[in-house]
Amino acid sequence: MINYTFTYGDLEYFLLIFIRVISFVFVAPFFGMSNIPRRIRIGFSFFVALLLYQSIPGQSVVYDTLIGYSVIVMKEVLTGLLIGFAANLCASIVAFAGHIADMEMGLSMASMFDPTTRETSTITGIYYNYMVLLMLMISGMHRYLIQALAETYTLIPLNGAVIRSDTLLAAMLEFMANYIIIGFRICLPIFAVMTILNAVLGILAKVSPQLNMFVVGIQMKVLVGLSILFLSTAMLPGAADFIYDQMKHMVVTFTEAIM
């Protein structure tokens with residue numbers, strides 16, 4: 001007969017693990033998509049927390065009153081949110097790249113409702129977002145995020161988070177620089193071709209002023225832009241690698257900032 005005891009202290013310990021996991025799942029990319037039902041995310045977080053409870057070594061959590069336990073809960077919530085937010089920041093790069101590409105092609109007004117984020121986004125931004133999410137699942141990046149979350153219990157034990165605001169601020173400033181660089185790298189083929197097309201249209205407008213280059217240019221920009229978008233699809237895995245490398249760097253940086 002198996003004699004397995006589960007005390008009230010074990011329940012408190014499990015709840016602290018569960019709180020950090022569910023805070024991470026509701027914010028992290030792929031896991032925190034808005035079109036995933038909440039009960040699915042809660043159930044997934046529960047089973048992940050159960051596995052972590054069985055695998056991580058026991059850690060003592062000391063508190064005196066209910067307010068003390070509430071403070072520990074808030075620290076675990078903040079830890080999970082910061083780690084998930086670090087990964088989710090990099091997912092917004094594709095929306096920036098899509099906005100720049102659509103603005104160059106003349107499709108910036110053709111916005112759509114993205115069910116994954118429940119926000120209005122441009123057509124190319126939604127296309128880039130779904131392609132990057134697809135490559136995230138193919139490359140196993142979602143497993144890396146769960147593994148990174150599990151390793152935080154070794155680096156940051158329960159009630160062991162110490163937030164360093166200066167390190168977080170430096171990480172955000174570094175991310176903003178890489179945010180613009182990676183975003184332009186993704187939309188660079190469309191941006192470069194549209195720049196050349198604008199130069200050609202400007203020359204044609206001087207050569208033959210009787211032609212309405214405004215009307216012709218709109219149609220040519222859409223046609224050429226969609227053609228370059230189709231031809232540059234093979235370059236998206238390389239662009240996704242830039243995003244995933246930045247995602248790993250941000251998760252490590254944010255984890256170090258709250259150790």
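Scroll up to find the structure.
Residues numbered from 1 in each chain as written. Predicted model: local features only at pLDDT ≥ 70, side-chain atom pairs only at ≥ 80, totals over all residues. Heavy atoms only, no water.

All right, on to the overall build of the chain then. A count of helical and extended segments in the chain gives nine helices and two strands. What you see in the chain, going N to C, is helices and strands ordered as α-α-α-α-β-β-α-α-α-α-α. Its C-alpha atoms give the chain a radius of gyration of 24 Å, more than 25% over the compact-globule value 18 Å for 259 residues. Classification of the 259 residues of the chain by burial places 42% in the buried group. Expressed as a percentage of contacts within the chain between residues at least 6 apart in sequence, the contacts between residues at least 24 apart total 81%. For the chain, the exposed surface amounts to about 14300 Å²; the carbon and sulfur share of it is 71%. Charge separation in the chain, taken as the distance between the mean sites of 12 positive and 14 negative side-chain charges, equals 8 Å. (Helix = DSSP H or I, 4+ residues; strand = E, 2+ residues; numbered from the N terminus. Rg over C-alpha atoms; globule rule 2.2 N^0.38 Å. Buried < 20%, exposed > 50% of the residue type's maximum accessible area, 1.4 Å probe, protein only. Contact = heavy atoms within 4.5 Å. Areas by Shrake-Rupley, 256 points an atom, 1.4 Å probe, with all protein chains shown as cover. Lys, Arg positive; Asp, Glu negative; His and termini not counted. Charge placed at Lys NZ, Arg CZ, Asp CG, Glu CD.)

Quick look at helix H5 (residues 123–139) now. Here H5 is 17 residues long and its end C-alpha atoms lie 24 Å apart, about the 24 Å a rise of 1.5 Å per residue gives. For H5, the full list of buried residues reads Thr124, Gly125, Ile126, Tyr128, Asn129, Val132, Leu133, Met135 and Leu136. Of the residues flanking the end of H5, it is glycine 140, one or two places downstream, whose phi is positive at about 80°. (Expected span 1.5 Å × (residues − 1).)

The next thing to look at is unusual backbone geometry. With phi around 70°, phenylalanine 30 is a residue other than glycine that occupies positive phi space. A positive phi is found at asparagine 159, a non-glycine position, where the angle reads about 65°. Here asparagine 159 shows up in the loop between helix H6 (141–155) and helix H7 (165–207). The exposure class assigned to asparagine 159 is partly exposed, which follows from its relative accessible area of 28%.

Let us look at helix H2 (residues 38–55). Look at H2: 26 Å from first C-alpha to last across 18 residues, which is about the 26 Å you get at 1.5 Å a residue. Tucked into the core, H2 has its buried residues touching helix H1 (8–25) and H6.

Across soluble globular proteins, nonpolar side chains show a tendency to be buried alongside one another. Counting residues in hydrophobic clusters, the biggest one holds 74 residues, and the most contacted among them are Ile17, Val21, Ile186, Ile243 and Tyr244. With 11 residues, H7 is the largest single contributor of residues to this core. Not counting residues up to four positions away in its chain, the partners in contact with isoleucine 17 are Ala49, Leu52, Tyr53, Ile56, Tyr153 and Leu158. (Core = buried A, V, L, I, M, F, W, Y, C linked by side-chain atoms within 4.5 Å.)

Attention now goes to the packing of aromatic side chains. Scanning the model with the defined rule gives 13 aromatic pairs in all. Ring plane angle 90° and centroid distance 5.9 Å describe the contact between phenylalanine 14 and tyrosine 53, whose orientation is recorded as edge-to-face. Of the two residues, phenylalanine 14 is situated in helix H1 and tyrosine 53 in helix H2; the sequence distance between them amounts to 39 residues. Each member of the pair, phenylalanine 14 together with tyrosine 53, is buried. The interplanar angle of 75° and the centroid separation of 5.2 Å between the aromatic rings of phenylalanine 30 and phenylalanine 31 together place this pair among those described as edge-to-face. By the ring-pair criterion, three or more aromatic residues cluster together here, those being Tyr13, Phe14, Phe18, Phe46, Phe47 and Tyr53. (Phe/Tyr/Trp six-rings, centres within 6.5 Å; stacked < 30°, edge-to-face > 60°.)

For threonine 124, the position within the fold is in helix H5. A polar contact of 2.4 Å, which involves the side chain of threonine 124, links it to the side chain of aspartate 102. Those residues in contact with threonine 124 that sit more than four places away from it in its chain are Gly98, Ala101, Asp102, Met105 and Leu229. (Polar contact = N/O pair within 3.5 Å; in protein donor to acceptor, adjacent residues only side chain to side chain.)

Any functional reading would require information that these geometric values do not contain.
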